[in-house]
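# Remarks on the overall topology
Single-letter residue listing:
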Amino acid sequence: MALFPAFRDTLANLSSLTVRELQAGSPLPKWRILTCLPFNTELSARQVKSAQNQVHAAHVSWLALLEAVVRETITASTLTGIQRTTLYRINSRHAWWATEIILPWSQAVGGELVHVTHAWAQAHPEQCVWVPVEPADLKLARHLAKHLGSRKIRRPDLSRVRTLLLDSIIAKPERPTGATEYSWWVTVATLSRGKPVRIPLKNNSYFENLAAQPGARLAGVIQLHLETTGAGQPAGAAISLLLNTPDAPKRETGIVVGLDFGLANALFATSDGRLLGQAMLHTLKSWDQRLNEIAAEHQSRGLKLRDNPEYRALNQRIKDFVTNEIGRVLNILARDGGDERVMELVVEKLDFRGHGMSRRMNRLLTRTGRACVKARLAALTPKYGILVTEVGSAYTSQECSGCGYTAKSNRRGRHFGCRFCGKKLHCDINAARVIRERRSFPPKDHTSVSQRRNTLQRLDQRHRQRWGLRPATGADPGLAGAPGGQAALAA
């Protein structure tokens, strides 16, 4: 247990050092000279090396997420021309904090600068024009990274990490040599030199079945997870062995299923008519009531919520519950079906706003649910061979899955009733079917008012073309279509 605080302090120090180096314009360091660290640590050189590997992996993920958010912001901005392209290139290089950058360009016949790739510039340096980036563009790139890094994609906080990734240089798993009830022994280096700890692991049939698959082998790291009591006090540690398994082959047969996320009526709704994860809503609502009671009590007494052990424990319990339910439901969806099993999932931008729950619970569910679903969806392809396709989420709750008519008045609570064709069904199932059909009509996911208006115009235009309608007043003023029911379709 003494290894945890020492390892965590070293992780926090290495993480802070990494951020300072990045903000000074240096590239992300993968290796370090362990004798020149600007802080003291109780860990051995091998343990510090393992900690550095974990810090590097965390910051690689952080920089990738920050790059994606900055790219979306640049795309949605009014910037044009060379400045827009320059910011894209600074962003792709993760060079937001660089003091100076020289970018390669190709010069057109009229003297206009044309963007070239890094690979092309390396292959044809004599044909490139090397132009320093303007200080104003560097300043704008730094501002974007700072603003979005503090608001949306915060840097990794490893000072409170509860899971350590220990490399094989300090944690070695091996099979027992004689007859024993244990299936593995893990030797872990401690803070006392020459005095490692050998930890026995009992048989786990699920893990052994995975390990027996062709091509499966132990990963080069193990997970050491700190378990705590409800009051946040250490209660022990759990060790998990990790496997590298070959990716599942891509599914060539099966069905395409649209998946709608949310917590208004169910965790997920599918285009084939299923509402998955409804039972968890009752549990979440009871916990939400208790969260509000604790919050109200502390506010009346002028106390901070984070100092309450019951509040912290309940928050963690909700996170674990939501994570488990998301994993359970998606695994069932991926495994079930036989010949009608899922071949492709079509999903939209995540939205975990649970109607009828407090703002505090909505915020907790959004943070936990979005991160978990993204991770679980990303794992479906290598684990099951299921293709995951993302489409735009604009107006999926207002568009009719039958005729394509889009209007706010189509939806009333959990019921969907099309004002054009009269189709009626559950609103979440309708949205899931709309999401599935957008595989062939993938409108981009825009957030600004003008961009959403353009998406609505595209949907309206498609509806008119489909039914041979002129831009006339229909069931809803200002949108094309005949009065509801004249082009009735079967529900």
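Residues numbered from 1 in each chain as written. Predicted model: local features only at pLDDT ≥ 70, side-chain atom pairs only at ≥ 80, totals over all residues. Heavy atoms only, no water.

Turning to the overall build of the chain, a few remarks are in order. From N to C terminus, the chain includes 11 helices and 17 strands. Sorting the 491 residues of the chain into buried and exposed places 41% on the buried side. Long-range pairs, those at least 24 residues apart, make up 63% of the contacts in the chain with a sequence separation of at least 6. When the accessible surface of the chain is split by element, carbon and sulfur atoms take 51% of a total near 27300 Å². (Helix = DSSP H or I, 4+ residues; strand = E, 2+ residues; numbered from the N terminus. Buried < 20%, exposed > 50% of the residue type's maximum accessible area, 1.4 Å probe, protein only. Contact = heavy atoms within 4.5 Å. Areas by Shrake-Rupley, 256 points an atom, 1.4 Å probe, with all protein chains shown as cover.)

The next subject is the packing of helix H1 (residues 3-23) against helix H2 (residues 45-76). The interhelical angle for the contact between H1 and H2, taken along N-to-C directions, is 50 degrees, at an axis separation of 9 Å. Taken together, the axes of H1 and H2 are oblique relative to one another. Regarding H1 and H2, the two cross each other, and that crossing is right-handed. Side by side, H1 and H2 meet where Leu3, Phe7, Thr10, Leu11, Leu14, Ser15, Thr18, Val19 and Leu22 of the first sit next to Gln47, Val48, Ser50, Ala51, Gln52, Gln54, Val55, His59, Trp62 and Leu63 of the second. In terms of residue class, the contact of H1 with H2 is built from 11 nonpolar, eight polar and no charged. (Axes fitted to C-alpha atoms, helices over the stretch in contact; angles between N-to-C directions. Parallel < 35°, antiparallel > 145°, perpendicular 65-115°, else oblique. Left-handed = near helix turned anticlockwise from the far one by under 90°. Nonpolar A, V, L, I, M, F, W, Y, C, P; charged D, E, K, R; others polar.)

Moving on: helix H11 (residues 449-467). Here H11 contains 19 residues, and its C-alpha end-to-end distance of 27 Å stays within 8% of the 27 Å for a straight helix at 1.5 Å per residue. Within H11, burial applies to Gln451, Thr455, Leu459, Asp460 and His463. Where H11 is buried, its residues meet H2. One or two steps after H11, the chain reaches glycine 468, where phi turns positive at roughly 65 degrees. (Expected span 1.5 Å × (residues − 1).)

Right, let's talk about the packing of aromatic side chains for a bit. Here the structure, examined in full by the defined rule, presents eight aromatic pairs. Between the aromatic rings of tryptophan 184 and phenylalanine 207, the centroid separation amounts to 6.4 Å while the plane-to-plane angle is 80 degrees, which identifies the pairing as edge-to-face. In this pair, tryptophan 184 is assigned in strand E6 (residues 182-188) and phenylalanine 207 in helix H6 (residues 205-211), connecting sequence segments 23 residues apart. Measuring from centroid to centroid gives 5.2 Å for tryptophan 287 and phenylalanine 321, while their planes differ by 85 degrees, and the two rings are edge-to-face. Taken together, the residues span a long stretch of sequence, with tryptophan 287 in helix H7 (residues 279-301) and phenylalanine 321 in helix H8 (residues 309-335) at a distance of 34 residues. Residue classification places tryptophan 287 among the buried positions, given a relative accessible area of 13%. Joined through ring pairs, the aromatic side chains of Trp62, Trp96 and Trp97 make up one cluster. (Phe/Tyr/Trp six-rings, centres within 6.5 Å; stacked < 30°, edge-to-face > 60°.)

Taken as a whole and assessed by the stated rule, the structure comprises 13 salt bridges. Close ionic contact of glutamate 325 with arginine 328 constitutes a salt bridge, the shortest N to O distance being 2.9 Å. Here glutamate 325 pairs with arginine 328, and both are found in helix H8, just three residues apart, close to one helical turn. Salt-bridge contacts for arginine 436 lead to glutamate 437; the nearest nitrogen and oxygen are separated by 3.1 Å. Using a relative accessible area of 26% as the deciding quantity, one classes arginine 436 as partly exposed. For glutamate 437, a relative accessible area of 41% gives the class partly exposed. (Salt bridge = Lys/Arg side-chain N within 4 Å of Asp/Glu carboxyl O.)

The next thing to look at is the sheet that holds strand E7 (residues 197-202). One open sheet accounts for three strands, arranged E5-E6-E7; its pairing is antiparallel. For this open sheet the edge positions go to strand E5 (171-174) and E7, each flanked by a neighbour on one side alone. For this sheet, the mean angle separating the axes of adjacent strands, direction not counted, is 25 degrees. Pairing of E6 with E7, which is carried by six bridges, proceeds in the antiparallel orientation. Bridged to tyrosine 182 within E7 is lysine 202. (Pairing = 2+ DSSP bridges.)

Our focus in this paragraph is the sheet that holds strand E11 (residues 268-270). Sheet strands associate in pairs through backbone hydrogen bonding, adopting either a parallel or an antiparallel arrangement. Pairing in this open sheet of five strands is mixed, and the strands run E12-E11-E10-E13-E14 from one edge to the other. What marks the edges here is a single partner per strand, and that holds for strand E12 (275-276) and strand E14 (387-390). Sitting on the sheet, H8 touches strand E10 (255-261), E11, E12 and strand E13 (342-347), and the angle it makes with E11 is about 15 degrees. Relative to E10, helix H10 (residues 427-437) is tilted by about 130 degrees, and along the sheet it contacts E10, E11, E12 and E13.

Attention now goes to the packing of H7 against H8. Here H7 crosses H8 at 160 degrees, and the two axes come no closer than 11 Å. By the angle between their axes, H7 is roughly antiparallel relative to H8. For the pair H7 and H8, the sense of crossing is left-handed. Where H7 abuts H8, its residues Met280, Thr283, Leu284, Trp287, Arg290, Leu291 and Ile294 lie against Glu310, Tyr311, Leu314, Asn315, Arg317, Ile318, Phe321, Val322 and Glu325.

Moving on to the environment of threonine 73. By the element assignment, threonine 73 lies in helix H2. Residues threonine 73 and leucine 144 lie 71 residues apart in sequence; the distance between their C-alpha atoms is 8.4 Å. With near-sequence residues (within four places) excluded, threonine 73 lies in contact with Leu144 and Leu148. One polar contact links the side chain of threonine 73 to the main-chain carbonyl oxygen of valine 69, over a distance of 3.0 Å. (Polar contact = N/O pair within 3.5 Å; in protein donor to acceptor, adjacent residues only side chain to side chain.)

Looking now at the environment of alanine 6. Mapped onto the elements of the fold, alanine 6 is located in helix H1. C-alpha separation for the pair alanine 6 and leucine 43, spaced 37 residues apart in sequence, amounts to 6.8 Å.

As a further point, take the nonpolar core. Leu259, Phe268, Leu284, Ile318, Ile326, Leu345 and Leu377 are the most contacted members of the largest nonpolar core, which totals 35 residues. Residue assignment for this core shows that the elements contributing at least two residues are E10, H7, H8, E13 and helix H9 (359-384). Per element, the largest residue contribution to this core is 10 residues, and it comes from H8. If you look at the next biggest cluster of nonpolar residues, it comprises 29 residues, including Leu11, Leu43, Val186 and Val188. (Core = buried A, V, L, I, M, F, W, Y, C linked by side-chain atoms within 4.5 Å.)

Attention shifts here to the side chain of threonine 406. Position of threonine 406 among the secondary structure elements: in the loop between E14 and strand E15 (411-412). At a separation of 3.3 Å, a polar atom in the side chain of threonine 406 contacts the main-chain carbonyl oxygen of glycine 404.

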